[in-house]
Amino acid sequence: GKEDTRTGQKRVSIASFFSELHQERQSVLEKSGNVAAAAAEADVVAKLNGFIEQSVAILGGMSGGGDERTKMLMDMGRTNQKQKRYDQAIGAFRKVLDISPTDVEAIYLLGMCYLEQGRYDSSMYWHSRALEIAPDNVNSLVAMTGACFYQNRFREAIPPTRRAIQLRPGNGDFYANL
């Protein structure tokens, strides 16, 4: 969530918090072999995500509320991305961009969804867009390097890797990419 400027603490919607809590519980139950209980937890997560989507729709119909709507969409996108439900995550991040077309975090996370799906050209497009807005975004530079590597486009990986090294010279992982 976003940081509350008054308290300095992170704000998270209640529904997103419980959705992530139930998702973690589902994972533990799956690992322990309790498939029925894990399936019940998955239903709870789906219902909570449905509640978040309804809340976003209600906020979208109200005048104002853009910051809260954006926050809820980002929370929903992150939760779906963690659950590898990329189409829903991409949809949420695109809705954020409908509200705020230059939201670098939403653009970056869109690129990451595509990268995690193996859709490297789409990933590179979104990370390039993030870099147009925030040229020093090391995360997008590293993601672009990864997308190039996965496609065996090693020469194209050199410029973003060099830029990442300029921005964070002490990170040895960047040197390994060269």
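Note that the coordinates shown come from a computational prediction; the quantities given were computed from them, not determined experimentally.

Q: Quick question: what am I supposed to make of the packing of helix 7 (residues 138–150) against helix 8 (residues 154–167) here?
A: If you want to describe how two helices pack, look at the angle between their axes and the distance between the axes. At their nearest, the axes of helix 7 and helix 8 sit 8 Å apart, and the two run at 155° to each other. With respect to each other, helix 7 and helix 8 are oriented roughly antiparallel. The handedness of the crossing between helix 7 and helix 8 is left-handed. In this structure, helix 7 contributes V138, L141, M144, T145, C148 and F149 to the contact, and helix 8 contributes F154, E156, A157, P160, T161, R163, A164 and L167. Tallied by class, residues from the contact of helix 7 with helix 8 come to ten nonpolar, two polar and two charged.

Q: Just to check I follow, could you spell out the nonpolar core for this structure?
A: Nonpolar side chains in soluble globular proteins generally cluster together in the buried interior. With 32 residues, the main nonpolar core has M74, F93, L97, L110, C113 and W126 as its most contacted residues. Secondary structure elements with two or more residues in this core: helix 3 (66–82), helix 4 (86–99), helix 5 (104–117), helix 6 (120–133), helix 7 and helix 8. With ten residues, the single largest contributor to this core is helix 5. For L97, the contacting residues outside a window of four places in its chain are D103, A106, I107, L110 and W126.

Q: Looking at this structure, how should I read the packing of aromatic side chains?
A: The geometry of an aromatic ring pair is captured by two quantities: the separation of the ring centres and the angle between the planes. Applying the stated rule across the entire model yields three aromatic pairs. Considering the side-chain rings of Y120 and Y150, the 5.2 Å spacing of their centres and the 20° angle between planes classify their relative orientation as stacked. With Y120 in helix 6 and Y150 in helix 7, this pair connects stretches of sequence that are 30 residues apart. On the basis of relative accessibility, which here comes to 56%, the residue Y150 falls in the exposed class. Consider the rings of F149 and F154, whose centres lie 5.7 Å apart with planes at 50°: the pair is tilted. Using a relative accessible area of 25% as the deciding quantity, one classes F149 as partly exposed. A residue is classified by how much of its surface remains accessible, and F154, at 47% relative accessible area, is partly exposed.

Q: Looking at this structure, I do not really get the packing of helix 5 against helix 6. What am I missing?
A: With their axes 7 Å apart at the nearest point, helix 5 and helix 6 run at an angle of 160° to one another. With respect to helix 6, the axis of helix 5 lies roughly antiparallel. Between helix 5 and helix 6 lies a crossing of left-handed hand. Touching V104, I107, Y108, L110, G111, M112, Y114 and L115 of helix 5 are Y120, S122, S123, W126, H127, R129, A130 and I133, all from helix 6. Class assignment of the residues belonging to the contact of helix 5 with helix 6 gives a composition of eleven nonpolar, four polar and one charged.

Q: Help me out: how do you make sense of the environment of M74 in this one?
A: Examined against the element boundaries, M74 turns out to sit in helix 3. Separated by 18 residues in the primary sequence, M74 and A92 have C-alpha atoms spaced 6.7 Å apart. Apart from the residues within four sequence positions on either side, M74 is in contact with F93, V96, E105, A106 and L109.

Q: Whenever I open this one, the pattern of salt bridges confuses me. Can you help?
A: Opposite charge on two side chains makes pairing possible when the charged atoms of those side chains draw close. Within the structure shown, the criterion is met by six salt bridges. A salt bridge links R78 to D75, with the nearest nitrogen and oxygen atoms 3.3 Å apart. Taken together, the residues span about one helical turn, with R78 and D75 both in helix 3 at a distance of three residues. For R78, a relative accessible area of 21% puts it in the partly exposed group. With its nearest N and O atoms 2.8 Å apart, the salt bridge here joins R153 to E156. The class of R153 is partly exposed, set by a relative accessible area of 26%. By sharing partners, the salt bridges in this structure join K71, D75, R78 and E105 into a single network.

Q: What should I look at first to understand the side chain of Q81 in this one?
A: Relative to the helices and strands, Q81 is located in helix 3. Given the relative accessible area of 10%, Q81 is considered buried. Within the structure, the side chain of Q81 is placed 3.1 Å from the side chain of E116, a separation counted as a polar contact.

The rules behind each value
Throughout this description, residue numbers start from 1 for each chain and increase along the sequence as written. Residues qualify for local features only when their pLDDT is at least 70, as the model is predicted, and side-chain atom pairs are given and counted only at 80 or more; totals for whole chains, interfaces and linings, by contrast, use all residues. Note: side-chain values were computed over all heavy atoms of the structure, leaving out hydrogens and water. Angles here are taken between N-to-C directions and fall from 0 to 180 degrees, while the axes themselves are lines fitted to C-alpha atoms, restricted in helices to the stretch in contact. Secondary structure elements follow DSSP: runs of H or I of four or more residues count as helices, runs of E of two or more count as strands, with numbering from the N terminus. Each angle receives one of four descriptions, namely roughly parallel if under 35 degrees, roughly antiparallel if over 145, roughly perpendicular if within 65 to 115, and oblique otherwise. Should the near helix be turned counterclockwise from the far one by less than a right angle, the crossing is left-handed, whereas a clockwise turn marks it as right-handed. Contact between two residues is taken to exist if any of their heavy atoms lie within 4.5 Å; hydrogens are not considered. Under the scheme applied here, ten amino acids are nonpolar (Ala, Val, Leu, Ile, Met, Phe, Trp, Tyr, Cys and Pro), four are charged (Asp, Glu, Lys and Arg), and all others, including Gly, are polar. Among buried residues, the Ala, Val, Leu, Ile, Met, Phe, Trp, Tyr and Cys ones that are joined through side-chain atoms within 4.5 Å form a nonpolar core. Each residue's exposure class comes from its accessible area (1.4 Å probe, protein chains only) as a fraction of the maximum for that residue type: buried when under 20%, exposed when over 50%, partly exposed otherwise. For Phe, Tyr and Trp, rings pair up if their centres lie within 6.5 Å, where Trp contributes its six-membered ring, and each pair is then called stacked (planes under 30 degrees apart), edge-to-face (over 60) or tilted (otherwise). The term salt bridge refers to a pairing of a side-chain nitrogen on Lys or Arg with a carboxyl oxygen on Asp or Glu at a separation within 4 Å. For this analysis, a polar contact is any N or O atom pair within 3.5 Å, provided that within protein one partner can donate a hydrogen and the other can accept it, and provided that sequence-adjacent residues contribute only side-chain to side-chain pairs.

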